[in-house]
Amino acid sequence: MKIKMRKTEEADLPEIMEIEKMSFREPWKKISFEEEIRDHESFTLLSGEEIAGYICGWKILDEYNITNLAVRPDLHRRGYADLLVSNLINTHKEDCRLIYLEVRESNIAAQNLYRKKGFKIIGIRRNYYLNPEEDAIIMGIKFPQ
Ligand SMILES: CC(C)(COP(=O)(O)OP(=O)(O)OC[C@H]1O[C@@H](n2cnc3c(N)ncnc32)[C@H](O)[C@@H]1OP(=O)(O)O)[C@@H](O)C(=O)NCCC(=O)NCCS
């Protein structure tokens, strides 16, 4: 299957919303993705004609906050999230000093992914998440490395 990465388009949103609902207990609403496309940044990973996953984020001066990342559940463990994070790092390693994100303390899969890509724990946000209440681990990667 041909793999392709490109900027997220409005037409991707029905498929992205399906993946989002399967991936999170508190999924983003469509308007949040519309805002990411319009005001910030979002990449879509395609496997053939199908959307395999997406990553969104905000560049604020020389810092970059990854705000969302998910891969379609039936396509997990094929290296797609690795590709999405690698693409983001390659896009911003020259113009950002720090790329960071918040991740649920219980989300070991995502923490392993970020660790594999070179992120380290840089802080904790107490009770950052609701339903269920949980701390966020802040993971970041600094440039130049
Ligand atoms: C986290 C997530 C994006 C990983 O996507 P993926 O495409 O399956 O990940 P990859 O195949 O690229 O795996 C890359 C690395 O992540 C880690 N990883 C991924 N899934 C894992 C799991 N279930 N358990 C442990 N480690 C895991 C591994 O280190 C893996 O490297 P390896 O295959 O060499 O061991 C996916 O599980 C997902 O969409 N989860 C729900 C949404 C979510 O939690 N998003 C992140 C919010 S911060």
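Before reading further, recall that the structure is shown in the block above.
Predicted model only: the values in this text are computed from it and were never measured.

Draft legend 1. Quick look at the overall build of the protein. Within the protein one finds four helices and seven strands. Taking 145 residues into account, the globule formula puts the C-alpha radius of gyration at 15 Å, and the protein, at 15 Å, falls close to it. Projected onto its principal axes, the C-alpha coordinates of the protein cover approximately 40 × 35 × 30 Å. Looking at the protein as a whole, 26% of its 145 residues qualify as buried. Relative to all contacts within the protein whose residues are 6 or more apart in sequence, the contacts with residues 24 or more apart total 55%.

Draft legend 2. Fine view of the pairing of strand 7 (residues 134-142). In the sheet, strand 5 (residues 98-104) pairs with strand 7 via seven bridges, with the strands oriented antiparallel. Counted as the bridge partner of Glu-102 is Ile-138 from strand 7. Relative to strand 7, strand 6 (residues 120-129) is paired through six bridges, and the arrangement is antiparallel. Within the sheet, the bridge partner assigned to Gly-123 lies in strand 7 and is Ile-138.

Draft legend 3. Here's a closer look at unusual backbone geometry. At the junction of Asn-131 and Pro-132, the peptide bond is cis and its omega measures out at -10° in the coordinates. Assignment of secondary structure puts Pro-132 in the loop between strand 6 and strand 7. Its identity as a non-glycine residue notwithstanding, Leu-61 has a phi of 50°, on the positive side. Position of Leu-61 relative to the elements: it lies in the loop between strand 3 (50-60) and strand 4 (63-71). The backbone phi angle of Asn-127 is positive, close to 50°, even though this residue is not glycine. Of note, Asn-127 is situated in strand 6.

Draft legend 4. Summary view of the site of the ligand. Near the ligand, the surroundings consist of 20 residues, among which His-76, Ala-81, Asp-82, Ala-109 and Leu-113 are the closest. Contributing elements (two or more residues each) for the shell around the ligand: strand 4, helix 3 (80-92), strand 5 and helix 4 (108-116). Counting residues per element, the shell around the ligand draws most heavily on helix 4, which supplies six residues.

Draft legend 5. Looking closely at the sheet that holds strand 7. One open sheet holds the seven strands; their spatial order is 1-2-3-4-5-7-6, and the pairing between them is mixed. On the outer flanks of this sheet lie strand 1 (3-7) and strand 6, each paired with one strand and no other. Mean inter-strand twist for the sheet, computed between neighbouring axes without regard to direction, equals 25°. Sheet analysis places strand 4 next to strand 5, joined by four bridges and oriented parallel. Looking at strand 5, one finds that Tyr-64 is bridged to Ile-99. Here helix 3 sits on the sheet in contact with strand 1, strand 2 (41-47), strand 3, strand 4 and strand 5, set at roughly 35° to strand 3.

Rules used in this analysis
Residues numbered from 1 in each chain as written. Predicted model: local features only at pLDDT ≥ 70, side-chain atom pairs only at ≥ 80, totals over all residues. Helix = DSSP H or I, 4+ residues; strand = E, 2+ residues; numbered from the N terminus. Rg over C-alpha atoms; globule rule 2.2 N^0.38 Å. Buried ≥ 20, exposed ≤ 12 C-beta atoms within 10 Å, placed from the backbone. Contact = placed C-beta atoms within 7 Å. Pairing = 2+ DSSP bridges. Near = placed C-beta within 6 Å. Axes fitted to C-alpha atoms, helices over the stretch in contact; angles between N-to-C directions.

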